[in-house]
Amino acid sequence: QVQLVESGGGLVQAGDSLRLSCAASGRTFSSYTMGWFRQAPGKEREFVAAIWWSTGSTYYADSVKGRFTISKDNAKNTVYLQMNSLKPEDTAVYYCAAKPPYYSGTYYSASSYNYWGQGTQVTVSS
């Protein structure tokens, strides 16, 4: 059974940093795309960042480019999201997701991902 477990969220001040972790288990993810999405109250879930597990290629939403970094640790089967220079508008529940290689959807579309974590709350105060 596939499991994605996020951790690392919390309450921080604007300008601070946080690192989110997503521990993946239950199968081999070497050919998957791993993504981070976020959802603020009253808003739709939005793409934040993605990484190709096999190549390490990364993609970011414009709103986080230059501030957030997605990475992976193959030995730990874990994906990270390093978030620097946090802003109040980054406040949301952050979700880790896995997209299998046989899905034809885009990496930035939530509907392309078939495995999701439970989410971790990030709150940035001004």
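This one's a predicted model, so the numbers in the text were calculated from it and none came from an experiment.

(A) Fine view of the packing of aromatic side chains. Tallied over the entire structure, the rule returns 13 aromatic pairs. Considering the side-chain rings of Phe29 and Tyr32, the 5.2 Å spacing of their centres and the 75 degrees angle between planes classify their relative orientation as edge-to-face. Here Phe29 and Tyr32 have matching classes, each one buried. An angle of 65 degrees between the planes, with centres 5.4 Å apart, marks the rings of Phe47 and Tyr107 as edge-to-face. With Phe47 in strand 5 (residues 46–52) and Tyr107 in the loop between strand 9 (92–99) and strand 10 (115–116), this residue pair connects regions lying 60 residues apart in the sequence. Phe47 gets classed as buried once you look at its relative accessible area, which sits at 12%. Through a chain of ring-to-ring contacts, the aromatic side chains of Phe37, Phe47, Trp52, Tyr59, Tyr95, Tyr107, Tyr108, Tyr113 and Trp116 assemble into a single cluster. A cation over a ring is seen here: Arg45 above Tyr95, with NZ or CZ 3.8 Å from the ring centre.

(B) Looking closely at the side chain of Arg38. Checked against the element boundaries, Arg38 lands in strand 4 (residues 33–39). Separated by 2.6 Å, the side chains of Arg38 and Glu46 make a polar contact. Side chain to side chain, Arg38 and Asp90 meet in a polar contact 2.9 Å long. Among residues more than four places away in sequence, those in contact with Arg38 are Glu44, Arg45, Glu46, Val48, Ser63, Val64, Phe68, Glu89, Asp90, Ala92, Val93 and Tyr94.

(C) Layout of the nonpolar core. Grouped together as the largest cluster of nonpolar side chains are 36 residues, with contacts concentrated most on Phe29, Met34, Trp36, Leu81, Met83 and Tyr94. Of all elements in the fold, only strand 3 (18–25), strand 4, strand 5, strand 7 (68–73), strand 8 (78–83), strand 9 and strand 11 (120–125) reach the threshold of two or more residues within this core.

(D) Structural context of unusual backbone geometry. Despite not being glycine, Asn77 shows a phi value in the positive range, around 50 degrees. Relative to the elements of secondary structure, Asn77 occurs in the loop between strand 7 and strand 8.

(E) Structural view of the environment of Val2. Mapped onto the elements of the fold, Val2 is located in the segment before strand 1 (3–7). In this structure, the C-alpha to C-alpha distance between Val2 and Thr58, residues 56 residues apart in sequence, is 23 Å. If near-sequence neighbours (up to four positions away) are discounted, Val2 is found in contact with Ser25, Gly26, Arg27, Phe29 and Tyr115.

(F) Here's a closer look at the pairing of strand 5. Among the seven residues of strand 5, five are classified as buried, and the element is accordingly described as predominantly covered. Both strand 4 and strand 5 contribute to a ladder of six bridges, which runs antiparallel. Paired with Met34 across the two strands is Ile51, which belongs to strand 5. Two successive antiparallel strands, strand 4 and strand 5, enclose a turn made up of six residues, where Gly42 displays a positive phi of approximately 75 degrees. Judged from the three bridges that link them, strand 5 and strand 6 (residues 58–60) form a sheet pairing that is antiparallel.

(G) The sheet that holds strand 3, seen in detail. Taken together, four strands build an open sheet; the order of strands is 1-3-8-7 and the sheet is antiparallel. Strands with a single pairing partner mark the edges of an open sheet, and in this sheet they are strand 1 and strand 7. Adjacent strand axes in the sheet meet at a mean angle of 15 degrees when their direction is disregarded. Two strands pair when backbone bridges link them, and strand 3 and strand 8 are joined in this way by six bridges, in the antiparallel orientation. Bridge assignment links Cys22 to a residue of strand 8, and that residue is Val79.

Cut-offs and rules
Residues numbered from 1 in each chain as written. Predicted model: local features only at pLDDT ≥ 70, side-chain atom pairs only at ≥ 80, totals over all residues. Heavy atoms only, no water. Phe/Tyr/Trp six-rings, centres within 6.5 Å; stacked < 30°, edge-to-face > 60°. Buried < 20%, exposed > 50% of the residue type's maximum accessible area, 1.4 Å probe, protein only. Helix = DSSP H or I, 4+ residues; strand = E, 2+ residues; numbered from the N terminus. Lys NZ or Arg CZ within 6 Å of the ring centre and 35° of its normal. Polar contact = N/O pair within 3.5 Å; in protein donor to acceptor, adjacent residues only side chain to side chain. Contact = heavy atoms within 4.5 Å. Core = buried A, V, L, I, M, F, W, Y, C linked by side-chain atoms within 4.5 Å. Pairing = 2+ DSSP bridges. Axes fitted to C-alpha atoms, helices over the stretch in contact; angles between N-to-C directions.

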